Structure formats: structure tokens, C-alpha cells
Amino acid sequence: MCGIVGYVGPKSTLDVLIGGLRRLEYRGYDSAGVSVISPDGHLETRKKAGKLVNLVAEIEEHPLPTAHIGIGHTRWATHGAPTDGNAHPHLGGQRQKLSLIHNGIIENFAELKAELVAEGTTFSSETDSEVAAHLIAREFEKSGDLAKAFASVVVRLHGAFTILVIHEDQPDMVLAARRNAPLVIGLGDGENFLGSDVAAFVEHTKRAISVGQDEIVILRAGSVEVRSFDGKTVQPEEFTVDWDASAASKGGWSSFMAKEIADQPQAVADTLMGRLNSDGSVRLTETDGLSHEDIKNLERIIIVACGTASYAGDIAKYGIEKWSRIPVQVELSHEFRYRDPIITKNTLIVAISQSGETMDTLMAIRYAKELGAKVLAICNTQGATLARESDAVIYTHAGPEVAVASTKALTAQITAGYLLGLWLASIRGAVPAAELKRVGIDLLKMPGRVSQVIAGLEQAQRLGTSMADAKSVLFLGRNVGFPVAMEGALKLKELAYIHAEGFAAGELKHGPIALIEEGQPVIVIVPSPRDEDSLHPKVISNIQEIRARGAKIIAIAEEGDEQVSNYAENVIFVPRCETLLAPILTVIPLQAFALALSTAKGLDVDQPRNLAKSVTVE
Ligand code: F6R
């Protein structure tokens, strides 16, 4: 939440900042602002409520000087409404020579504000962030040393923050601090960058450093210094960003979401690449932090995640349990930590997160680690906090996901979950190796099948467009189809702002069937009829029960399932595959449906209201 970018170097700072904010806008779009220091040493700030385009228009009307140092911010409001006044940057000091941007929440801002107000400081916003600007400016006025003033203030702040500061009187440096919120450095030649994630600067450099917890950065054009909050020099590790700027551009697509739906064959293929041999056996290389002994001793797996990532966990649970015979429970990260869960050293926590910065999930793994559990992350972002703090990581190689609604990250997470299940199973030996390899070989075919689904999305799109007036859509599924139904409903809620709910089909008659009335659209994920103990007949019965009460059925079914056409107004067919792998395919028409419906309503699909991509507050 909130995107931050900083730059010092010879390029046009405004271009770097606006380019960076454009790529970070997915993190929040309530307001945007920039500050630069002009070559003659003046701090200039422009900020505006609303999306980045408003700031760009403001700068066109009131141009900024050419500058070689500056900071920029795109906001997801926490303290204070999304107004011009509450937009960042915030200025500090009597003569307003300091500019500050902040991502996170300063939990003790009220007492710090009282201290400043008692000294006569006046505030011009309702934000928690402004206190930090005034405190640093006050300390700088005392010592004349900006880095010292900055360090003395950040240790007083509680909560989560990435803070960037520039000051007119020390115009060669950007100062940054990080606690519980993301910050990466981009290393250039005679120039350096800061960003909430590498997207902020990837068009300029692929050399990056992920800043650690409680660290301060002193960034100049020719140098980067990293220190811990207690003043010790830190030798940070550099990494190379493995995607380029074009991956985070819309290209010719109407929206990032449309592009990211189409990216899914590649996302699934890249997540499998190098991890699945042609004989179907799995080899995971980033799991050194977990020994075979640890895996053999496992008594339980707890998957923690939020939102769409938690549905990836719900889906993976079926495979992990079936193949490895280890009991799995899936918990929303924010619930898990507050209910005194039973965790032992033989519990494996699997944390799933696209961003790797979701605060609820980070707090959950920290808590579990304190209790002695090992943590394995499934994460899409190199160098993210989650990856750094976990014992082992399976990176999903979905590439940057910019649209707020998750699509390709989900199918990549499901893929990684299957790889994990097969890998654990191969070590535990509870299921014959031949059976695991049969699934592995089928998993290898999934990218091709995903391509087939993408090529045939026209029907789902047409249905979505035709249902722009729907007031409510229900989704039903059983077994692995149940989390798919919940994901379909979530996509519709967040993108089209209409009531949508996903149910386990068997649960309907225990209450929700009362919702069915004439014309109620219901999307049903129908399982394959081919399995010996298939739930297909049961789902067909569930369909009949609601049809009899007026429901209009859209079925997502396997190719060749001719029977289903007798019970549904519309059937969207997806290719055949192993039953447990089907969610990678069945979820895609639901993504396309929600996208089309939202577009038909004239809504912004990439930036739905009230949301931000990376939820870095609890
Ligand atoms: C919905 C969506 C969210 C995220 C959730 C977790 O489309 O994207 O529900 O899945 O906020 O985010 P990550 O995966 O970054 O931890």
C-alpha cells in the first residue's frame, strides 16, 4: 500500500519519478505527489488527490524545474481522507525545507504530534506521516546533520514504515528507512534509485538490493550506504531483476488484467521450468532450509495466506494431503495468529503471497517462527520480505502482476502448491512413486491446456458482458471446485462491485438455497465425470435442485461432458486433465467473466475502488 520512489542522478528526475509512480500506482491511487530540489537549491512540491493523471495535469499547469534529485509517492489512504492536503510529500520545519514520503502506519503518531504541538508546530494534514517530517526537520535544525537527525527520529517511530526524505540544505542525498514495509535500491551508473519494489526503476537498471528490516539508506548519485538503525554498517546483497520493463507494461492490451490473464500459459510454464523432469519427478532446488529429515518428521502443514492467495492454498491442500498424506489446514493469516494455534517444531508453515509483503502474512510467519515452526514461502517477488524471512522459498515465476485483481499469480501459486505436494510426497513415500509421476507428467501438459482455455475465452467474455445488470451472482463447486467458486466470487466483488458468493455445492440445501429465485445466475464448477468416485452426479443433482427453483446455470465443465448440457443454459468447456489439477483451467473463464462484466459496467478493472495491490498494513 502506497508506492514510493526516489532518485538521484543525471536524468530528468521528474521523468524518473513519474515513470516509477506509473508502475507503482497499483499499490494505491488515492493521491500522488512529488518533491524535487532544483539545481539552485529550492525544494518544490506538487501533489494532488486522485489518480496519477491528476498530478501529471497539475505539473503541466505548474511546471517543476529540471532537477537531479527527488522523491515521489502514490497513496492508499490510512490516516486522513484522500485530499490534496493529505497527499504526500509532507513538508517539515519552519521554512518547509524538508520533504518526506511514507508508506505504512506510524502507530505512536498521536503522542509524537502532541509533543510537537506543545512546542508550537502547526500541522497542515491529518496524516500520521507529517509528524515524522516535523521531527526530522526539528532534529536537523539542532544538529545540522541530516543523516544523524533522520536516524534519531526513525528509532522513535512505532509501527510499519518506509520513509524517504530530501532536504534543501543537503541536496545531494535521499535518506530512506525501512521497518515492516518494503524498500529496494536500484543501482545505476552515476545514479541510484529507491522504490517500494523493483518496478519503480526496472526500466533504468536491473541491479537491485533489498533493504533489510530496521535499516537506513543514504543514497547519493555515486554511492549507496546502508546502516542498521543502531548505526552499524550493513553489507547488502545485490540481486539481478529477472524480468524487464516490458513485462510490466500493458503492451497493446486494454488493461493489465487482460494482459495478465493472457500471460498465464507462460506463468505456469515458467513456474514449472527446471522443477519437473520429463518422467514426472519433481526437483526443487530452493528448499535447502528444509532437510529430508525435517520433512519426514512433519506432523502437520498450516498454509497461511490472504484473499486469492488463500484460495491457492485451499486448492493446494487437496493435492498435498492426497499425495503426501500430511494433514494440511489453511488459515487466513490475520485470523491464524490471534487464536493461539498449536504449532510444534514438526509443523511446516507454508506462506503464500504474490507480493511477499502482505503484513498479515508476515506477522503470521513471524509468530510461527517464534514458536519453532519452519516456514516455506510461495512468493512471486524476488527479495521480498517474506522470502527473506522464510527457511525455504518456491518462487512463482509469474512476472510482475500489476492489475490489482490477482490472476496469473494465482495460477502460478496453484502450480507451485502442486509441485510442493509432489515433492513432499516423493520424500515421504506414502504414495507409490509411479502415481506421483503420472500426476507430474500431467502437470507438464498444463501450460498447453491453459493456452487452449485462453484461446476460447470468448464465450465467458460474452456472458460477462451480457450480465452487466446482474445484481448478484452465485458460484458453486465441490472438492477442488469449491475454492475455485470462492475465487470466482471474489473476482466479481472486487471488480464489478456486485454481490457474489461462492459455496460448496453440497452446502446449499443447508441454508443458502433460500437465496435462489427466478432468474438468479449461478456459475457451477462441474467436476470431471471420468473418475471412479467422481462427484459429478452429485453436482448434477445440486444443479437440478436450484434449476427447479428458477436458477439460470452457467457450467464450467470438462470437454466431453455432454451430459451437463442438459442441465445448464450455458456450458464453458475446458480441456481434460487430472481432477486435482483442474482448478488451473476452471478458474480462468471466471477471471475473464469478471473482467468483461466490470468492463461492461464502465469500471476501472485494473484499479478497483478502495483497494490496493500490496496490503502492507494489518
Ligand atoms: C484479489 C487479490 C488479493 C490478494 C491478497 C494477498 O484479487 O489479489 O486478495 O490475493 O491481498 O496478496 P498477496 O498475494 O500479495 O499476499
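Attention in this report is confined to the structure presented alongside it.

How each quantity is defined
- Residues numbered from 1 in each chain as written.
- Predicted model: local features only at pLDDT ≥ 70, side-chain atom pairs only at ≥ 80, totals over all residues.
- Heavy atoms only, no water.
- Near = heavy atom within 4 Å.
- Polar contact = N/O pair within 3.5 Å; in protein donor to acceptor, adjacent residues only side chain to side chain.
- Helix = DSSP H or I, 4+ residues; strand = E, 2+ residues; numbered from the N terminus.
- Nonpolar A, V, L, I, M, F, W, Y, C, P; charged D, E, K, R; others polar.
- Disulfide = S-S within 2.5 Å.
- Buried < 20%, exposed > 50% of the residue type's maximum accessible area, 1.4 Å probe, protein only.
- Phe/Tyr/Trp six-rings, centres within 6.5 Å; stacked < 30°, edge-to-face > 60°.
- Lys NZ or Arg CZ within 6 Å of the ring centre and 35° of its normal.
- Pairing = 2+ DSSP bridges.
- Axes fitted to C-alpha atoms, helices over the stretch in contact; angles between N-to-C directions.
- Salt bridge = Lys/Arg side-chain N within 4 Å of Asp/Glu carboxyl O.
- Contact = heavy atoms within 4.5 Å.
- Expected span 1.5 Å × (residues − 1).
- Core = buried A, V, L, I, M, F, W, Y, C linked by side-chain atoms within 4.5 Å.

Thoughts on the site of the ligand
Neighbouring the ligand are 13 residues; S353, Q354, S355, T358 and E494 lie closest to it. A distance of 2.5 Å separates an oxygen atom of the ligand from a polar atom in the side chain of T358. Note that an oxygen atom of the ligand is positioned 2.8 Å from one of the side-chain N or O atoms of K491. Among the secondary structure elements, those contributing two or more residues to the shell around the ligand are α9 (307–324) and α17 (481–496). Counting residues per element, the shell around the ligand draws most heavily on α9, at 3 residues. When grouped by side-chain class, the residues that make up the shell around the ligand number 4 nonpolar, 7 polar and 2 charged.

Thoughts on the state of the cysteines
A complete count under the given rule lists 0 disulfides for this structure. Free of any disulfide, C2 has its nearest neighbouring cysteine sulfur in C306, separated by 18 Å. Its relative accessible area of 6% is what places C2 among the buried residues. Between C306, a cysteine without a disulfide, and C379, which holds the nearest cysteine sulfur, the sulfur-to-sulfur distance is 13 Å.

Some thoughts on the packing of aromatic side chains
Any two aromatic rings considered together are summarised by their centre-to-centre distance and by the angle between their planes. Scanning the model with the defined rule gives 5 aromatic pairs in all. Between F161 and F229 the ring centres are 6.3 Å apart and the planes differ by 5 degrees, which places this aromatic pair in the stacked class. With F161 in strand β7 (residues 159–167) and F229 in the loop between β13 (224–228) and β14 (238–240), this residue pair connects regions lying 68 residues apart in the sequence. Judged by relative accessible area, F161 falls into the buried class, the value being 0%. Pairing F193 with F201 gives two aromatic rings, centres 6.0 Å apart and planes at 40 degrees, and the pair type is tilted. Considered together, F193 and F201 belong to a single accessibility category, that of buried residues. Ring-pair connections join several aromatic residues into one group, and the members of that group are Y7, F193 and F201. It is K113 that lies over the ring of F123; its NZ or CZ is 4.7 Å from the centre.

Let's talk about the sheet that holds strand β18 (residues 374–379)
In spatial order, the strands read β16-β15-β17-β18-β19; together these 5 strands make up an open sheet with parallel pairing. Because the sheet does not close on itself, it has two edges, and the strands there are β16 (328–332) and β19 (392–395). In this sheet, neighbouring strand axes are inclined to one another by 20 degrees on average, regardless of whether the strands run parallel or antiparallel.

Observations concerning the pattern of salt bridges
In total, this model carries 32 salt bridges according to the counting rule given. R46 is paired through a salt bridge with E44; the nearest N and O atoms lie 3.4 Å apart. A salt bridge links K232 to D230, with the shortest nitrogen-to-oxygen separation between them at 3.4 Å. Considered together, K232 and D230 belong to a single accessibility category, that of exposed residues.

Focus: the environment of E215
Of note, E215 is situated in strand β12 (residues 215–219). Separated by 206 residues in sequence, E215 and G421 place their C-alpha atoms 36 Å apart. Contacts of E215, omitting those with residues within four sequence positions, involve A176, A177, R178, V226, R227, S228, F229 and V234. Among the polar contacts made by the side chain of E215, one reaches the main-chain amide nitrogen of G212 at a distance of 2.8 Å.

Digging into the side chain of T127
Within the fold, T127 resides in the loop between α3 (109–118) and α4 (129–143). Ignoring sequence-local partners within four residues, the contact set of T127 consists of R75, H79, N86, H90 and F109.

Regarding helix α1 (residues 13–24)
Here α1 is 12 residues long and its end C-alpha atoms lie 16 Å apart, about the 16 Å a rise of 1.5 Å per residue gives. The element α1 is largely enclosed, with a buried count of 10 among its 12 residues. Taken together, the buried positions of α1 are T13, L14, V16, L17, I18, G19, G20, L21, R23 and L24. Lining the buried residues of α1 we find β1 (3–8), β2 (31–37), α2 (52–61), β4 (69–75) and β10 (192–195).

Looking at helix α19 (residues 583–600)
With 18 residues, α19 should cover 26 Å at 1.5 Å per step; its first-to-last C-alpha distance of 26 Å lies within 8% of that length. G602 occupies a position one or two residues after α19 and carries a positive phi of about 80 degrees.

Details of the sheet that holds strand β6 (residues 98–106)
The pairing of strands in a sheet comes from backbone hydrogen bonds and takes either a parallel or an antiparallel form. The strand order β5-β6-β7-β8-β12-β13 describes an open sheet built from 6 strands, whose pairing is antiparallel. Of all strands in the sheet, those with a lone pairing partner are β5 (90–92) and β13, marking the two edges. Averaged over all neighbouring strand pairs, the angle between strand axes comes to 20 degrees, with direction disregarded. Two elements, β6 and β7, share 9 bridges in a ladder whose sense is antiparallel.

Points about the nonpolar core
Counting 118 residues, the largest nonpolar core has I301 and L492 as the members making the most contacts within it. Residue contributions to this core peak at 11 residues, all from helix α13 (residues 408–428). Sequence-distant contacts of I301, defined by excluding residues within four places in its chain, comprise I320, I326, P327, V328, Q329, L348, V350 and L424. Membership of the second largest hydrophobic core comes to 29 residues, among which are L116, L146, A147 and I163.

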